[in-house]
Amino acid sequence: MKVSPFHWTPGTPEDRLDGLEKVTGTATYAYEYAVDDVTYGFPVQSTIAKGRITAIDSRAAREIPGVLAVISHENAPRLSLSVATEIAGLLQSDVIAYRGQFIAMVVAETLEAARQAAEAIVISYETQPHDVRLSADRDDLYAPAGIDNAKGILNHMIPTDTTQGDVEAALASAPILLDQTYTTPAQHNNPLEPHATIALWNNETLTLYDANQGAHSIRDTIAQAFGLTPEQVRVIAPYVGGGFGSKAFAHPHLLLTVMAAQVVGRPVKCALTRQHMFAVVGYRSPTIQRIRLGADHEGRLQVITHDAIVQTSTVQEFVETAALATRMLYAAPNRSTTHRVVRLDVPTPSFMRAPGEAPGMFALESAMDELAVACQLDPIELRLRNETEFEPTSGRPFSSRGLVACLQEGAESFGWHQRDPRPKSTANGRWLIGMGVAASTYPANRFPATAMIQVKRDGRYRVLIDASDMGTGARTVLAKIAADALAVPHECVDLEVGDTLLPRAFLAGNSTGTASWGTAIVDAARKVRFRLEAEGGSVPAEGFDVLGEAGVNPEAKRFAMHSFGAQFAEVWIDRDTGRVRVPRLLGVFAAGHILHAKLARSQFLGGMTWGLSMAMHEESVMDPHFGDYVNHDFAGYHIPTNADVESIEVAWIDEDDPYVNPMGVKGIGEIGIVGTAAAIANAVYHATGIRIRDLPITPDKLLLRGA
Ligand code: MOS
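Please read these numbers as outputs of a predicted model, since none were measured by experiment.

A look at the pattern of salt bridges
Evaluated as defined, the whole model comprises 42 salt bridges. Across the pair R581 and E646 runs a salt bridge whose closest N-O atoms are separated by 2.7 Å. One end of the pair, R581, is in strand β23 (residues 580–590); the other, E646, is in the loop between β25 (628–629) and β26 (647–652), and 65 residues separate them in sequence. With its nearest N and O atoms 3.1 Å apart, the salt bridge here joins K666 to E655. Here E655 lies in the loop between β26 and α14 (676–688) and K666 lies in the loop between β26 and α14, a separation of 11 residues in the sequence.

Looking at the domain arrangement of the protein
One can read the domain layout of the protein as domain 1 (19–28 + 447–551), domain 2 (36–129 + 192–242 + 247–280) and domain 3 (347–444 + 559–703). Each partner contributes to the interface: domain 2 provides 10 residues, whereas domain 3 provides 13 residues. Where domain 2 meets domain 3, there are one salt bridge. Across the pair D628 and R99 runs a salt bridge whose closest N-O atoms are separated by 3.3 Å. Our count for the domain 2 to domain 3 interface comes out at two residue pairs in polar contact (both at pLDDT 80 or more). The residue inventory of the side of domain 2 that touches domain 3, partitioned by class, reads five nonpolar, two polar and three charged.

A word on the packing of aromatic side chains
With the rule as written, the count across this model stands at 17 aromatic pairs. Three or more aromatic residues joined by ring pairs form one cluster here, namely F249, F318 and F351. A cation sits over an aromatic face here: K269 above Y31, 4.8 Å from the ring centre. The residue whose ring lies beneath R475 is Y239, and the NZ or CZ to ring-centre distance is 4.3 Å.

The rules behind these values
- Residues numbered from 1 in each chain as written.
- Predicted model: local features only at pLDDT ≥ 70, side-chain atom pairs only at ≥ 80, totals over all residues.
- Heavy atoms only, no water.
- Salt bridge = Lys/Arg side-chain N within 4 Å of Asp/Glu carboxyl O.
- Helix = DSSP H or I, 4+ residues; strand = E, 2+ residues; numbered from the N terminus.
- Domains from an automatic or database assignment.
- Contact = heavy atoms within 4.5 Å.
- Polar contact = N/O pair within 3.5 Å; in protein donor to acceptor, adjacent residues only side chain to side chain.
- Nonpolar A, V, L, I, M, F, W, Y, C, P; charged D, E, K, R; others polar.
- Phe/Tyr/Trp six-rings, centres within 6.5 Å; stacked < 30°, edge-to-face > 60°.
- Lys NZ or Arg CZ within 6 Å of the ring centre and 35° of its normal.

Shown next as structure tokens:
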């Protein structure tokens, strides 16, 4: 018997399956579940950056009508987490590790009472001097033993440093040498839906309605923390309003809510405020990145070094992997990368869209632009000359590599060749006009997943998988994959995601969702078709279930797997005010097959818009005196509005990659942000002759440097 492999049908514009529910308000988000006898939790934050709590006076708070409990380290349930994460120490001692740390939780009959009581609690501290200063000259920078930001959940340890060839000799002998340092500020994740949880104990079982990127991993963490078996915990998360990494793992509010429900013996709801989110759900570490490029006169790289310095907190080690892309992007016989980190009295950084690549590629792709200037080469030509067939650090061939095609295709449609290469050569009235380019890349990984298909007598197929749709459209694309793999019309497929009662699948992160979940669904569909053939084509009266599985990809041993792209930007700069407009962006991507054109376009558009934001707007400002990120709302933390975003064009090159997964897809959730900021900074240089190496590109920096 022959079952055909996954048959891919080209993506056609289609609305997302849950579009109607979302726009009519019937899609239920975590905080919105109606729960009987519910109470409300509101957390209390530390107002010092380092020290100890000496007293908690909650008398006034407890007198507020409706207040049920004040939970602090004095009375909190004990947690039993085995790894050194931020949450392991939550309310477990009087120690303050950063300003904004959750140090108590008020539970009340109403949200208003809880919030009022939280403000009425008087905390006394013993303050110790804090240290929140990230700099390259600190003597306490250290090399982590290896980078495992997800504490084993991602199941791979990334080497901290790499080195090949004789870097120092190559630097000493390179005819053209560039040595520059680039910095990016702290940036904060701000999904539309703030983090929210409802915790409901029922005897020995716990149900959580929670906004997250992976119900199973949340379940496992909570089970361990509260000494339960995983089966005693159910996590429900069918709709999530964005996460971008900040909802990948359990953050303190989740454990506070579970504790609170335990203490008051009733369900508890807790939603963070926008202001809370600037301290307790992760953020992108600021980076200081030194790049050295040595090339011959033809622009062929002989040596590349990338040394990244980032911060973490004193309670958890998280390393922004800024130098990773430099390990694989361009050929050079001599190369090294390092990551150094310092533990400061700051909130714990975490995953934020394209963690590592987003700031790292700002540095590398700005440096490549500077090298192109130094070599008097077109920046696209420079990249073509340093193209590599093999992943430099591993020596593996690429399963597919579309960088050149993206650069060439993009140059053509953007009108790159009309550009006068001389800086400050083009103007229109008081506007200086420039064009810039940068490469994009992101790994094409895959993680384990299982999926069930229930075949019904009435011709319907129920697909069950604990995938997470945080607004990406995962639901829609997975239903499409199932229909295509089963060779049935879409309308026959019902899909359920976002619940630990569904078959386990790895969380939505690292741009692996479609690749991992889709592989499990294709495997299940293949088994369905075998079974149907065995049954002579008809479904038995009682129907049947099959379980599909996706393991780690065996081909990943043989091939390096990455998506690629090219980003183009046009900027107009007002020479009187230094104001920068970005009238045009173009992103061309090579990311395997694109299964669903409309959803894919939205992912790329969103990523590029965030790249524009990173280039022009986002900057969390650390106040050294208070040890606090001071701009912790949208009045002070700027993100682009419609007026800031003009034309963004997205295009892709369809790739046939037989090695990545049966669908031939590579992740697209994160690559869109990679390289955008460099393309804009490179365009700013072209327009003005001023190189901005410290994001964001604000008017003052251009004016002060004489635009
Ligand atoms: Mo993504 S930052 O891996 O959710």
